[in-house]
Amino acid sequence: MSDADLRLFVVMLGGRHARANTEVHDVVFAVAPSIEQSYPQLRQQWFGDAAGLHLDSWMTVDGVEQWQVRLSTEAPAAEAPRLYFVNLGGYVAGEFGEAHRYLLVVAGDSVDAKRKALAQAEAEWIKPHRDALLDVDSCLPVGPIGGLHVQLLPGPHAGIHSQSDYIVIS
């Protein structure tokens, strides 16, 4: 398998945890030719009960903004732009709970990534804020396909394809 066959996936896992009253979720990253081939990586990254572990949503990432997202054994140059995952939170008047939006942005640093993400917060949100901001390159899984880095190359791409479904992988 070559690096060209690999895709970057951003995955929302759902399941149970012994200390939680409700189903819990986490967003993790996987690299594989297909979402199905990423299941072993996803199981390894889950912190809760193995029984009932499932995918709720996932993004297949080919590009962000004007950048192709590629995977390579070469680390990006220190001055190269970085791919950031941002979990935005906010509140909607009269609704129970916190609303979320999950974004990928390209920026020179985390401060710029936060600024770009907050500019995309939902207009009706009260007190929009950053719940998490991660440099995707530092979140890639380790193991047989480890040692890969995100490379951002200028050029056309297929964007981000998002899917939601309930797929049990335990």
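Residues numbered from 1 in each chain as written. Predicted model: local features only at pLDDT ≥ 70, side-chain atom pairs only at ≥ 80, totals over all residues. Heavy atoms only, no water.

Draft legend 1. Structural context of the overall build of the protein. From N to C terminus, the protein includes two helices and 10 strands. Compactness check: the protein gives a C-alpha radius of gyration of 16 Å against a globular reference of 15 Å for 170 residues, within 12% of the reference. Of all intrachain contacts in the protein linking residues separated by at least 6 positions in sequence, the fraction that spans at least 24 positions is 69%. Summed over all atoms, the accessible surface of the protein reaches about 9200 Å², with 52% contributed by carbon and sulfur. (Helix = DSSP H or I, 4+ residues; strand = E, 2+ residues; numbered from the N terminus. Rg over C-alpha atoms; globule rule 2.2 N^0.38 Å. Contact = heavy atoms within 4.5 Å. Areas by Shrake-Rupley, 256 points an atom, 1.4 Å probe, with all protein chains shown as cover.)

Draft legend 2. Examining the UniProt feature "domain: DUF1543" (unreviewed entry) in the protein more closely. According to UniProt, the feature "domain: DUF1543" (unreviewed entry) maps to residues 20-71 in the numbering used here. Along residues 20-71 the backbone is 13% helical and 46% strand, and the end-to-end C-alpha distance reaches 36 Å. (UniProt positions renumbered as here; feature names shortened; annotations may be inferred.)

Draft legend 3. Up close: the sheet that holds strand 5 (residues 67-72). In spatial order, the strands read 4-5-9; together these three strands make up an open sheet with antiparallel pairing. Every interior strand has two partners, whereas the edge strands, strand 4 (63-64) and strand 9 (149-154), have only one. Of the strand pairs in this sheet, strand 5 and strand 9 are connected by six bridges, and their pairing is antiparallel. Bridge pairing in strand 9 links R70 to Q151. (Pairing = 2+ DSSP bridges.)

Draft legend 4. Expanded view of the nonpolar core. Residues L83 and V136 are the most contacted members of the largest nonpolar core, which totals 22 residues. Listing elements by their share of this core, those giving two or more residues are strand 1 (7-15), strand 2 (24-32), strand 3 (54-61), strand 5, strand 6 (82-91), strand 7 (99-107) and strand 9. In contact with V136, other than residues within four places in its own chain, are L8, F29, L83, Y84, F85, L104 and V150. By size, the runner-up hydrophobic cluster in this structure holds 16 residues, among which are A32, I35, Y39 and I169. (Core = buried A, V, L, I, M, F, W, Y, C linked by side-chain atoms within 4.5 Å. Buried < 20%, exposed > 50% of the residue type's maximum accessible area, 1.4 Å probe, protein only.)

Draft legend 5. Broad picture of the sheet that holds strand 1. The four strands lie next to each other as 2-1-3-10, forming an open sheet whose pairing is antiparallel. Here the strands that pair on one side only, and so sit at the sheet edges, are strand 2 and strand 10 (160-168). The sheet shows a mean angle of 20 degrees between the axes of neighbouring strands, taken without regard to direction. (Axes fitted to C-alpha atoms, helices over the stretch in contact; angles between N-to-C directions.)

Draft legend 6. Looking closely at the layout of surface pockets. Approximately 210 Å³ is the volume found for the largest pocket. If you go around the largest pocket, you meet 14 residues; those closest to its centre are S57, W58, M59, Y102 and S162. Sorting the residues of the lining of the largest pocket by element identifies strand 1, strand 3, strand 7 and strand 10 as the ones contributing at least two each. Ranked by the residues each element gives to the lining of the largest pocket, the list is headed by strand 10, at four residues. (1 Å grid on protein atoms, 1.4 Å probe; cavity = no way out; pocket = protein on both sides within 12 Å on 5 of 7 lines; lining within 4 Å. Points joined across faces, edges and corners; volume = space filled by probe spheres on them.)

Draft legend 7. Structural view of unusual backbone geometry. Of note, the phi angle at E65 is positive, near 55 degrees, even though the residue is not glycine. Its identity as a non-glycine residue notwithstanding, K127 has a phi of 50 degrees, on the positive side. Inspection of the secondary structure puts K127 in strand 8 (residues 126-135).

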